[in-house]
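Here's the letter readout for the chains.
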Amino acid sequence: MKKIFYSMAVLVMGLAFTACSSDDDKKDDSKITEKEQAMEAITNKYVSNVIFPIYKSLASQTSTLFDQLVEAKSKFRAGTLTQADIDKICSTFIAARSAWESSESFLYGAATDFGIDPHIDTWPLDRTALAKALSSAEIIEDLDDLDDGGIDNARALVGEQQLGFHGIEFIIFRNGQNRTLAALQGIEDDEAFEGRNITGEQELIFAAAVAGDLRDKCFQLEVSWLGDQAPVAHQERVEECEFPTTVAGGDASYGENMLNATKAGSTLSTWRSVMSTILVAGCSNICAEVAGQKIGQAYLGTDPDYIESPYSQRSYFDFFDNISSIQYSLYGNQGTTVHANSIMTYLEKYNATMAADLKAKLEAALSALSTAKAGTPFVVDSHSANAKAAMDAINTLDDALNEAASWISAN
């Protein structure tokens, strides 16, 4: 389960919020002003070009996924569900999953403060508990009544570990392939379900309810960062769910809080603290998780079953999107070119050697993951040379990110 890094991230953010070089007063005022102006411009582009559009995409894709699964449940009962319908659901899931994984370099803030990350993205799935839950007519009835989204009334019965992406993934993918219509029309044959006679209808009831909860939590993320810029319907749904959306101790959205750094009311007291938050609490944190947990747990044998996205066999795609999210944070946009107002451009101007090193290590990590994506799926062989190469490259990138954060804070 993804819990080990949260306290570390919060600690780093707490330090970042008060971090400012003690040597600032000794430096040339014009240089400080120039750098701080650059950092403010970087932050504006980072929030508007990276965080906002990714969370908007995530909210949109999970909303579509919920609608498609509710429709699939209805079609299954009517006998009109097709393989094309299932394939469409799988494609939407992959798009939503990519948006989520591409947001993991900024898990600080709402995703952590409101427990959204573990809520929607915990693994491994407890299939035995899921089989038991779906065997209960009472639970199935409760889940079936949730076409408006959310599963608050059934959460205690289904189990927190069955929620989110991976519960849905289990229903619509198997062995790296889209689930077949024929499989859903039969009895669930996973070994954990043996003797329980779970039908495809029961599985779709569960998937639709979980997708509603997933959508609502992604709406919460979107509204928490975008505030009034989020779609009105999404704001209304979040209000209906009574989800918190503002930074503790105030009424500012997380986007406003970051954009208003140094101003009264913001938890970020300096622009350097913003840079530290992005680089350490954001980028370094996901580096450490991918290398040490997502790859490391299984590769090193600490927990052989700790494998993300095993049913779709898209672990390496998840990891690639995680490191791509670091690229977006450094480049100031969701592309492969460096934006003029970005951390990478800042480093290129003030420390070209460090910028070149950081960029090379980022590219090396992405290259290692590209090679891994084209090879044997992680769930099939978590001890491969590709897994080791990716883990090592990501650890090296992590070191470079922390070096850059330290240099920016001190200069």
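Quick note: structure is the one above.
In every chain, residue numbers begin from 1 and rise along the written sequence. Predicted model: local features are reported for residues with pLDDT of at least 70 only, side-chain atom pairs are reported and counted for 80 or more only, and whole-chain, interface and lining totals are derived from all residues. Values shown for side chains rest on all heavy atoms present in the structure; no hydrogens or waters enter the calculation.

Here we come to the overall build of the chain. The secondary structure content of the chain amounts to 18 helices and 2 strands. Radius of gyration: C-alpha atoms only; globule rule: 2.2 Å multiplied by the number of residues to the exponent 0.38. The C-alpha atoms of the chain give 22 Å as radius of gyration, which agrees with the globular expectation for 411 residues (22 Å, within 12%). Once the C-alpha set of the chain is aligned to its principal axes, its extents read approximately 75 × 50 × 35 Å. The proportion of buried residues among the 411 residues of the chain is 56%. On the chain, roughly 16,100 Å² of surface is accessible, and the fraction owed to carbon and sulfur atoms is 49%. By definition, any uninterrupted DSSP run of H or I lasting at least four residues is a helix, any uninterrupted run of E lasting at least two residues is a strand, and each is numbered from the N terminus. The cut-offs for exposure are 20% and 50% of the maximum accessible area for each residue type, with area from a 1.4 Å probe on protein chains only; residues under the lower value are buried, those over the upper are exposed, and the others partly exposed. For every accessible area listed, the method is Shrake-Rupley and the probe measures 1.4 Å; residues are considered covered only by the protein chains on display.

What follows is about the nonpolar core. The criterion is simple. A nonpolar core is a set of buried Ala, Val, Leu, Ile, Met, Phe, Trp, Tyr and Cys residues joined through side-chain atoms within 4.5 Å. Counting residues in each nonpolar core, the largest one holds 129 residues, and the members touching the most others are Leu69, Ile295, Ile323, Ile326 and Leu330. In terms of residue count, helix H2 (residues 29-78) provides more of this core than any other element does, 17 residues in total. Residue contacts follow a heavy-atom distance rule, with two residues in contact if any of their heavy atoms lie within 4.5 Å. With near-sequence residues (within four places) excluded, Leu69 lies in contact with Ile89, Ile168, Ile172, Leu204, Ala207, Ala208 and Ala211.

Take the side chain of Thr277 next. Mapped onto the fold, Thr277 is located in helix H14 (residues 271-299). On the basis of relative accessible area, Thr277 is assigned to the buried category, the value being 1%. Polar contacts, as counted here, are pairs of nitrogen or oxygen atoms within 3.5 Å of one another; within protein the pair requires one atom able to donate a hydrogen and one able to accept it, and residues that are adjacent in sequence qualify only if both atoms are side-chain atoms. Engagement of the side chain of Thr277 in a polar contact is seen with the backbone oxygen of Ser273, the distance being 2.9 Å.

Three or more residues of helix H6 (residues 127-134) are buried, namely Leu130, Ala131, Ala133 and Leu134. All buried residues of H6 project into a common sector of 165 degrees when viewed along the axis, lining one side. Relative to its buried face, H6 has exposed residues pointing more than 90 degrees away, namely Thr128 and Lys132. Between the side-chain oxygen of the N-cap and the backbone nitrogen of Thr128 there are 3.3 Å, and the N-cap of H6 in question is Asp126. To obtain the arc, one takes the directions from the helix axis to the C-beta atoms.

Turning our attention to the packing of helix H3 (residues 83-101) against helix H9 (residues 165-172). Between H3 and H9, the shortest axis-to-axis distance is 11 Å and the interhelical angle comes to 155 degrees. In terms of orientation, H3 lies roughly antiparallel with respect to H9. For the pair H3 and H9, the crossing hand works out as left-handed. Across the interface between the two elements, Ile89, Cys90, Phe93, Ala96, Arg97 and Trp100 from H3 touch Phe165, His166, Ile168, Glu169 and Ile172 from H9. Interaxial angles span 0 to 180 degrees and are taken between N-to-C directions of axes, which are lines fitted to C-alpha atoms, for helices over the stretch in contact. With respect to orientation, any angle under 35 degrees is reported as roughly parallel, any angle over 145 as roughly antiparallel, any angle of 65 to 115 as roughly perpendicular, and every other angle as oblique. Take the far helix as your reference; a near helix turned counterclockwise from it by less than a right angle gives a left-handed crossing, and one turned clockwise gives a right-handed crossing.

Our next topic: the side chain of Arg272. Residue position: Arg272 is located in helix H14. Separated by 2.6 Å, the side chain of Arg272 and the backbone oxygen of Asn411 make a polar contact.

Here we come to unusual backbone geometry. The residue after Trp123, namely Pro124, is reached through a cis peptide bond having omega -5 degrees. By the element assignment, Pro124 lies in the loop between helix H5 (116-120) and H6. A positive phi angle, close to 60 degrees, is found at Glu242, a residue other than glycine. Here Glu242 lies in the loop between helix H12 (232-241) and helix H13 (254-259). One non-glycine residue, Gln313, lies in the positive phi region at around 60 degrees.

Okay, the packing of aromatic side chains next. Note on ring pairs: Phe, Tyr and Trp rings are taken, using the six-membered ring of Trp, and paired if centres are within 6.5 Å. Classes follow the plane angle, with under 30 degrees stacked, over 60 edge-to-face and the rest tilted. The tally for this structure, following the rule as stated, stands at 14 aromatic pairs. Ring plane angle 85 degrees and centroid distance 5.3 Å describe the contact between Tyr55 and Phe106, whose orientation is recorded as edge-to-face. Of the two residues, Tyr55 is situated in helix H2 and Phe106 in the loop between H3 and helix H4 (110-113); the sequence distance between them amounts to 51 residues. Of the two residues examined, Tyr55 and Phe106, each falls in the buried class. As a reminder, the over-ring test applies to NZ of lysine and CZ of arginine, requiring each to be within 6 Å of the ring centre and within 35 degrees of the ring normal. A cation over a ring is seen here: Arg174 above Phe170, with NZ or CZ 3.8 Å from the ring centre. Taking the ring centre of Phe243 as reference, the NZ or CZ of Lys217 above it sits at 4.0 Å.

Should a side-chain nitrogen of Lys or Arg be within 4 Å of a carboxyl oxygen of Asp or Glu, the pair is scored as a salt bridge. According to the stated counting rule, one finds 24 salt bridges in the structure shown. One salt bridge connects Arg174 with Glu203, and the closest N-O pair in it is separated by 3.7 Å. With a gap of 29 residues between them, Arg174 in strand E1 (residues 173-174) and Glu203 in helix H11 (residues 200-226) connect regions that are remote in the sequence. For Arg174, a relative accessible area of 17% corresponds to the buried category. Of the residues examined, Glu203 reaches a relative accessible area of 1% and is grouped as buried. One salt bridge connects Lys361 with Asp357, and the closest N-O pair in it is separated by 3.1 Å. With Lys361 and Asp357 both in helix H17 (residues 352-373) and 4 residues apart, the pair spans about one turn of that helix. One network of salt bridges, in which partners are shared, links Arg97, Glu101, Glu104, Asp121, Lys294, Glu308 and Asp318.

Quick look at the environment of Ala372 now. When you line up the elements, Ala372 lands in helix H17. In the structure, Ala372 is positioned 56 residues away from Tyr316 in sequence and 6.5 Å away in space, judged by C-alpha atoms.

Another aspect to go through is the environment of Asp321. One can find Asp321 in helix H15 (residues 315-331). Owing to a relative accessible area of 13%, Asp321 belongs among the buried residues under this scheme. Each C-alpha atom, one on Asp321 and one on Ser105, is 9.8 Å from the other, the two residues being 216 residues apart in sequence. The contact partners of Asp321, leaving out residues within four places of it in the chain, are Ser98, Glu101 and Ser102.

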